[in-house]
Amino acid sequence: FDSLNHQLRKLYMFRQGDPTAEKLTPRKQQELLFQMLNALEPREAEIIMGIFQKDQHVKGLDYKFVKEAFPDLLP
């Protein structure tokens with residue numbers, strides 16, 4: 001199994017507007033995501049899926065909370 005930290009560094013491949021991501025076909029992105037998830041422990045894969053679904057199942061964790069805690073992190 002790979003580390004979550006290592007896989008998180010690969011998320012740029014799915015970011016809208018990223019030059020590398022723009023070159024990938026949806027099928028290739030799907031294949032890469034599948035490989036990432038298979039390389040992780042089940043709970044870590046859930047974290048990655050939560051990022052894509054924009055839901056970490058943490059009550060109270062929303063845009064406002066993150067913006068207050070880390071003002072320069074989000075637009």
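Residues numbered from 1 in each chain as written. Predicted model: local features only at pLDDT ≥ 70, side-chain atom pairs only at ≥ 80, totals over all residues. Heavy atoms only, no water.

## Concerning a nonpolar patch on the surface
Formally: Residues enter a patch when their relative accessible area is above 30% and they make no salt bridge; the linking distance is 9 Å between like charges and 5 Å between nonpolar side chains (Val, Leu, Ile, Met, Phe, Trp, Tyr). Throughout, the Shrake-Rupley method with a 1.4 Å probe supplies accessible areas, and for residues the shown protein chains are the sole cover considered. Any Lys or Arg side-chain nitrogen found within 4 Å of a carboxyl oxygen on Asp or Glu counts as a salt bridge. Under the scheme used here, helices are H or I runs from DSSP no shorter than 4 residues and strands are E runs no shorter than 2 residues, and both carry numbers assigned from the N terminus. Accessibility here uses a 1.4 Å probe with only protein chains present; expressed as a share of the type maximum, an area under 20% marks a residue as buried, one over 50% as exposed, and anything in between as partly exposed.
Together, L8, I51 and F52 line one region of the surface with nonpolar side chains, adding up to about 220 Å² of accessible area. In this structure, I51 sits in helix 4 (residues 42-53). Exposure remark for I51: the relative accessible area of 37% places this residue in the partly exposed category.

## A look at the confidence of the model for the protein
Definition in use: You can read pLDDT as the predictor saying how much it trusts each residue, on a scale of 0 to 100.
In this model, the protein carries a mean pLDDT of 86, and residues with pLDDT of at least 70 account for 97%. Element-level mean pLDDT values for the protein span from 83 in helix 5 (residues 63-69) up to 94 in helix 3 (residues 26-38).

## Looking at the nonpolar core
As a reminder of what qualifies: The definition of a nonpolar core used throughout is a set of buried Ala, Val, Leu, Ile, Met, Phe, Trp, Tyr and Cys residues joined through side-chain atoms within 4.5 Å.
Residues L4, L11, M13, F14, L32, L33, M36, L40, A45 and I48 constitute the largest nonpolar core, which totals 10 residues. Elements with a contribution of two residues or more to this core: helix 3 and helix 4. Element by element, the count of residues in this core is highest for helix 3, at three residues.

## Points about the side chain of D18
Note the cut-off: What qualifies as a polar contact is a pair of N or O atoms within 3.5 Å, subject to a donor-acceptor requirement within protein and to the restriction that residues adjacent in sequence count only when both atoms come from side chains.
Looking at the element boundaries, D18 is found in the loop between helix 1 (4-8) and helix 2 (19-23). A polar atom in the side chain of D18 sits 2.8 Å from the backbone nitrogen of T20.

## Concerning the pattern of salt bridges
Side chains bearing opposite charge may pair, as long as their charged atoms lie close to each other. Scanning all chains against the criterion turns up three salt bridges. The residue D18 makes a salt bridge to R15 at a minimum N-O spacing of 3.1 Å. One salt bridge in this structure joins E46 and R43, with 3.2 Å as the shortest N-O distance. Separated by three residues within a single helix, E46 and R43 lie in helix 4, roughly one turn from each other. Among the residues examined, E46 registers a relative accessible area of 48% and is labelled partly exposed.

## With respect to the environment of L8
Spelled out, the test is: Any two residues whose heavy atoms approach within 4.5 Å at even a single point are treated as in contact.
Relative to the helices and strands, L8 resides in helix 1. With 22 residues separating them in the primary sequence, L8 and Q30 have C-alpha atoms 16 Å apart. Excluding residues that lie within four positions of it along the chain, L8 makes contacts with I48 and I51.

## A closer look at the packing of aromatic side chains
Using the following cut-off: Paired rings are identified among Phe, Tyr and Trp, the last through its six-membered ring, by centres lying within 6.5 Å, and are further divided according to the angle between planes into stacked (under 30 degrees), edge-to-face (over 60) and tilted (the rest).
Within this structure, the stated rule accounts for one aromatic pair. Where F14 meets F52, the ring centres are 5.2 Å apart and the plane angle is 85°; that geometry is what we call edge-to-face. Remark: F52 occurs in helix 4 and F14 occurs in the loop between helix 1 and helix 2; sequence separation between them is 38 residues. Since its relative accessible area comes to 18%, F14 is described here as buried.

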